[in-house]
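Observations on the three-dimensional arrangement
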Amino acid sequence: MSVNQQTHTGPPYGQPQPGYQGYQQPAYGGQPLPGVPQLQYGAYNGPMPGYQQPVPPQGYFPSLGFPSKGCPVSLNSDNSLAPNFIGSLRTPATSGAPPPPSGPTLPSGHLAYSQLGHGDVQNGIAASAASAQRPPASQPFLPGLAPTPVIQTSAFQQYGPTPASVQQLSNDMTGMTIGRTTASAPPPAGLGYGPPTSGPPVSGSLSATGSGLYTPYTASQGPSPTSVTQSLPLAQPPFPVQTITTQRLPTQVPGFAPPPPSTGIGPSSYPPTTGAPRPPTMSGPPPPPLGQTVAGPPASQPNHISSPPPSAVSGPHPGPPVTGLHGPPPPTHPPQPGYQMQQNGSFGPVRGSQPNYGGAYPGTPNYGSQPGPPPPPKRLDPDSIPSPIQVIEDDRSNRGSEPFVTGVRGHVPPLVTTNFIVKDEGNASPRYIRCTSYNIPCTSDMAKQSQVPLAAVIKPLATLPPEETLPYLVDHGESGPVRCNRCKAYMCPFMQFIEGGRRFQCCFCSCVTEVPPHYFQHLDHTGKRVDFYDRPELSLGSYEFLATVDYCKNNKFPSPPAFIFMIDVSYNAVKSGLVRLICEELKSLLDYLPREGNMEESAIRVGFVTYNKVLHFYNVKSSLAQPQMMVVSDVADMFVPLLDGLLVNVNDSRTVIASLLDQIPEMFADTRETETVFAPVIQAGLEALKAAECAGKLFIFHTSLPIAEAPGKLKNRDDKKLVNTDKEKTLFQPQTSFYNNLAKDCVAHGCCVDLFLFPNQYLDVATLGVVTYQTGGSIYKYAYFQPETDQDRFLNDLRRDVQKEVGFDAVMRVRTSTGIRATDFFGAFYMSNTTDVEMAGLDCDKTITVEFKHDDKLSEDSGALLQCAVLYTSCAGQRRLRIHNLSLNCCTQLADLYRNCETDTLINYLAKYAYRGVLSSPVKTVRDALINQCAQILACYRKNCASPSSAGQLILPECMKLLPVYLNCVLKSDVLQPGPEVTTDDRAYIRQLVTSMDVAETNVFFYPRLLPLTKADVDSDSLPGAIRNSEERLSKGDIYLLENGLNIFVWVGVNVQQGLIQNLFGVSSFSQINKALTMLPVLENPFSKKVRSIINMLQMQRSRYMKLIIVKQEDKLEMLFKHFLVEDKSLSGGASYVDFLCHMHKEIRQLLS
Ligand SMILES: [Zn+2]
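Procedures and definitions
- Residue positions within a chain follow its written sequence, with the count starting from 1.
- At least 70 in pLDDT is required for a residue's local features to be given in this predicted model, at least 80 for side-chain atom pairs to be given and counted, and no such filter applies to totals for whole chains, interfaces and linings, which use all residues.
- Processing note: side-chain calculations cover all non-hydrogen atoms of the structure and skip hydrogens and water entirely.
- Starting at the N terminus, helices and strands are each numbered in turn, a helix being any DSSP run of H or I of at least four residues and a strand any DSSP run of E of at least two.
- Each residue is assigned to one of three classes by its accessible area relative to the maximum for its type, calculated with a 1.4 Å probe on protein chains only: buried under 20%, partly exposed between the two thresholds, exposed over 50%.
- The contact criterion used is simple: two residues touch if any of their non-hydrogen atoms lie within 4.5 Å.
- Using the Shrake-Rupley algorithm and a 1.4 Å probe, accessible areas are obtained, with residue cover drawn only from the displayed protein chains.
- Each metal site lists N, O and S donors within 2.8 Å (3.2 Å for Na, K and Ca). With water left out of the atoms, a site can look as if it is missing ligands.
- At least two DSSP bridges between two strands are required for those strands to pair.
- Here an angle of 0 to 180 degrees is reported between the N-to-C directions of two axes, which are lines fitted to C-alpha atoms, with helices fitted over the stretch in contact.
- Any pair of cysteine sulfurs within 2.5 Å is marked as a disulfide.
- Throughout this description, a polar contact denotes any pair of N or O atoms lying within 3.5 Å of each other; where both atoms belong to protein, one of them has to be capable of donating a hydrogen while the other can accept it, and for residues adjacent in sequence the pair is counted only when both atoms sit in side chains.
- Joining through side-chain atoms within 4.5 Å is the link that ties buried Ala, Val, Leu, Ile, Met, Phe, Trp, Tyr and Cys residues into a set, and such a set is a nonpolar core.

Considerations on the overall build of the protein chain
Along its length, the protein chain carries 25 helices and 30 strands. Expressed as a percentage of its 1153 residues, the buried residues of the protein chain come to 64%. Expressed as a percentage of contacts within the protein chain between residues at least 6 apart in sequence, the contacts between residues at least 24 apart total 76%. Of the roughly 38600 Å² of accessible surface on the protein chain, a fraction of 54% belongs to carbon and sulfur atoms.

What follows is the structure in structure tokens.
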């Protein structure tokens, strides 16, 4: 207590305190969250009179606001408890002012986006950091005006007309060369240069392959039956699997599953059928259906309701749930409630012949001819196999109406496609952590047998919907968070207090630790601390601790971070209008930098650099009348020619910055420089941050392969002939290790790199992206950028990227209870050891997938625990720890594992695992391994959990019945099986994107959402029901929308009514629809409004602004659209869903036989 009494103005917490006000929730990171309630902690203890009074916080501070009092005292901490966050902290010094005191803690849910205040500004950092500045190496820019910057081999440059405000720029054009000349001899400025080597429009050979994310197929790229067969994974290697004894009953009639075994599992609920039309008597409450025989989509997904036993689930069971894969499709499909959306007839002509479903998986001609089962069907009815749409709809209707309460261990959350509210009662929200299974095998033998990967997908700074409570910020004063003495786990709801509350036993390592005196509290008769509900760290799954100085680099509190905007001003960038666009946008965007909830203005400082093959730094110090430019042309040993004035407060330097942003496009308007450097740009940004002793983010806007003579210079090594060879992996690997080393340096200094690419040809994303990837940054790519068509997308991405919640200098560690441990990590980060995930920047979209392995036996009683701790610096420079805890069940029966799996999360893990695999293995090997693993997962289920039945039946676990269809989507994705239109850069780009995706993003990326717009109810807010991704579901008379998180397609059938076309496109006929539209015209009619509101809604849901593409049926562009109809056979050789399911079945049978 004494500690707190010293450090806080109020009484110590831990007891009811009159006037206590903590736990206030301001807006989140400066992002506008309209409707965010300014929550009081009253919810914890129920209404308490004192809680409503606005007094200075004591103890618990608003999650994102500075405490008005109390905080700075921790500067004086003597760290007697010597917290050691996660092993060693990195050494580089970070000094600077202590966190600036803010004004009184105000309810501030709506401060975001308001104009910056003009009151006190905090701009003292530069001065204090100035001593660290590299010795001046440049000359005075203007005698007597600037603080003598200059120059190794640098020179002041002037481009084009002298802007009045850039005074007396010298006209030394050193370093300006054209084309690919590497010599530095400057051609005379302004003379008649030949056409730039890479100037647009590009017509070189590369441009034929370089393209947007996807380019239209050309006629010569049409379907090629042979390539289909070639590309399919054919021969499967023998499976090094456990021996599986089949339990099938030889006499079993195909399609029939007997009653459940005594374990209560299996698809046994279904009465015998023979694969023929099922009797419509299936509507009673189904017995516990753990297993789902492949069949007509059932109306519910009982196994997703995990807590109550499945028998508690009732409801119509409309779909005849049992059918053998080999049984002939039912001749008719009786009407089934809740299943209308898949009724083929609703969307088009009755399905006729299906060329794509012609039989077994290509390359498996012997399928079905094995002894035992009857011959395979010629066709399998797609309606009889598990439907993603049905599963999603069922989960929505079963689980979308009630809050998901996290108090129950091992409770499987609703699907990511279901809207639901989370109530934190001791476990982290699924928005922060999702697991492949919520019931994990007790032994490693079981885990190996099942082959189900044990993984958690963690999004530490996930954005929450306004209705949910942000993690509370807990301040334990100068003593810092309470931790286990041995494993250093943080205090959490699972710690066990003993000996009257004087000690606690660690839930992770069992070590007993003394409770620090100031933290002592009595226990009630149940052994629970009486302040249980007063303390987030005792009662909640997620919360934050204010970190003490001991958690800071060099034992100094960090300075607020900085953003540096680094703009390519080479010919391509200028000519396309990009430079002008960026400068215009920045003028307003700088007012929306992230800020802590209560702050009137952002603490983030900004700086500006432009570059082509030399770098131009700008002094935008507030005292200057005009910005000053300093050029560094010796890019071999990058340094920063100025410190004071490079990083400034936006408000202080508003006029100078505006002037600079006005001048940059003019200065370079006539540039002929086509070459760029890249690594020196990152180095410059890194050096600037180092000199300012702060973390930060570089926003680099870059257009071309950096071929200019400089460190990190690249060559064009694109070679699509390597696809499908053993050397294909080199296309994904960086061409030099230079960037890996640079990335390491960046991470060590908290320099995160966000990269906006605007290529007109190959620019080697695999190499340029290395630093971005390893620093936790984001990559955006806009091929053939044209302002008219791409500006909205780019600007929306930029705005979101600049404004979003982000932490710096982040280190994450995942602790686990005895028996399992984190063994592998996937995502955008750097690791210098085997446990700590380091991210120079960690934003609200970044996701890390963590795999666990057994190192001991687990117990069903104690379950398994995860604790994810992320130490980071907030956007105002506050050092914090965000803690997420999750408890899982453990099982000795495999059936329990399969009953509590989450296929969407499993796919997230498998995709990331495979996408990493392509770096080191041939793509075919990676695909085969995926198929093999999934076959083993399903075979293990079949053998151990499903009721005995004919081997001719494919029986899938209820929770994994979509595994085959989703896995097929991963296998067919551009990284693993590219079509001819997909460029090397596209593949590298997508590979990196997917690696940081959360579960919702991978879900829609691999299985896009397809909505019949013409079925939308214009009077309601709801979306039209999605349909399956197959061409046969499309009707010529309808308009559809397909989205996958990167693109939105609007597909228009040739027979769409004229009125609809008029309403949506404002033209009178199909032929007049302008397919070059990138947004729909704003028309005042209900249909147009509805469709545009749907598109807006989808855009809001995604972390990137999706490109809108209009596709007219039978138009050339339709081939591009069909690429995303993932249930169909793909042009690149990907199997149809039906064929792949047959193939999986064969694999499983091989494993079982
Ligand atoms: Zn411990």
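So, the coordination of the zinc ion
Of the protein atoms, only C484 (SG), C487 (SG), C506 (SG) and C509 (SG) coordinate the zinc ion, at distances of 2.2 to 2.3 Å. Sequence spacing of the donor residues for the zinc ion, all on one chain, is C-x2-C-x18-C-x2-C. On the basis of relative accessibility, which here comes to 21%, the residue C487 falls in the partly exposed class.

Comments concerning the sheet that holds strand β27 (residues 1009-1012)
Pairing within the open sheet is mixed, and its 4 strands lie in the order β27-β28-β29-β30. Both edges of this open sheet fall to β27 and β30 (1107-1112), since each of them pairs with a single strand only. Going from strand to strand, the sheet's axes swing by 20 degrees on average, the running direction of each strand aside. Bridge analysis of strand β28 (residues 1039-1043) against strand β29 (residues 1047-1052) gives 5 bridges, and the strand direction is antiparallel. The residue of β29 that forms the bridge with L1042 is F1049. Seen against the sheet, helix α23 (residues 1086-1101) touches β27, β28, β29 and β30 and runs at an angle of roughly 10 degrees to β28.

Quick look at the sheet that holds strand β21 (residues 820-826)
Read across the sheet, 4 strands follow the order β5-β7-β23-β21 without closing on themselves; strand pairing throughout is antiparallel. The open sheet has two edge strands, β5 (433-435) and β21, and neither has a second partner. Within the sheet, the average angular offset between the axes of one strand and its neighbour, ignoring direction, is 25 degrees.

Examining the state of the cysteines
Going through the model one piece at a time under the given rule, you end up with 0 disulfides. Between C901, a free cysteine, and C959, which holds the nearest cysteine sulfur, the sulfur-to-sulfur gap is 6.7 Å.

What to know about the environment of A828
You can see A828 is positioned in the loop between β21 and β22 (837-843). Judged by its relative accessible area of 5%, A828 falls in the buried class. For the pair formed by A828 and V770, sequence separation is 58 residues and the distance between their alpha carbons is 9.4 Å. Those residues in contact with A828 that sit more than four places away from it in its chain are Y773, G776, M839 and S996.

What to know about helix α14 (residues 765-774)
α14 sits mainly inside the fold: 10 of its 10 residues count as buried. Every buried residue of α14 is listed here: V765, A766, T767, L768, G769, V770, V771, T772, Y773 and Q774. Once α14 ends, the next one or two residues include G776, with phi positive near 80 degrees.

Some remarks on the side chain of R1028
With respect to the helices, strands and loops of the structure, R1028 is situated in the loop between β27 and β28. A polar side-chain atom of R1028 sits 3.0 Å from a polar atom in the side chain of E1127.

Here we look at the pairing of strand β13 (residues 562-568)
Of all 7 residues that make up β13, 7 are buried, and the element is covered over most of its length. Pairing of β13 with strand β14 (residues 605-611), which is carried by 7 bridges, proceeds in the parallel orientation. Across the sheet, residue F563 finds its bridge partner in β14, namely V606. Where β13 meets strand β17 (residues 696-702), 6 bridges bridge the pair, whose relative direction is parallel. By the bridge assignment for β17, M566 is matched with I700.

A word on the nonpolar core
Among the nonpolar cores identified, the biggest contains 151 residues, and L615, F617, I700, Y898, L976 and F1065 are the most heavily contacted of them. Take this core: its biggest share by element is 11 residues, from helix α18 (residues 923-944). Not counting residues up to four positions away in its chain, the partners in contact with F1065 are V1050, V1052, I1073, L1077, L1080, P1081, L1083 and I1110. Formed by 47 residues, the second largest nonpolar core is a distinct cluster that contains L578, L661, I664 and F794.

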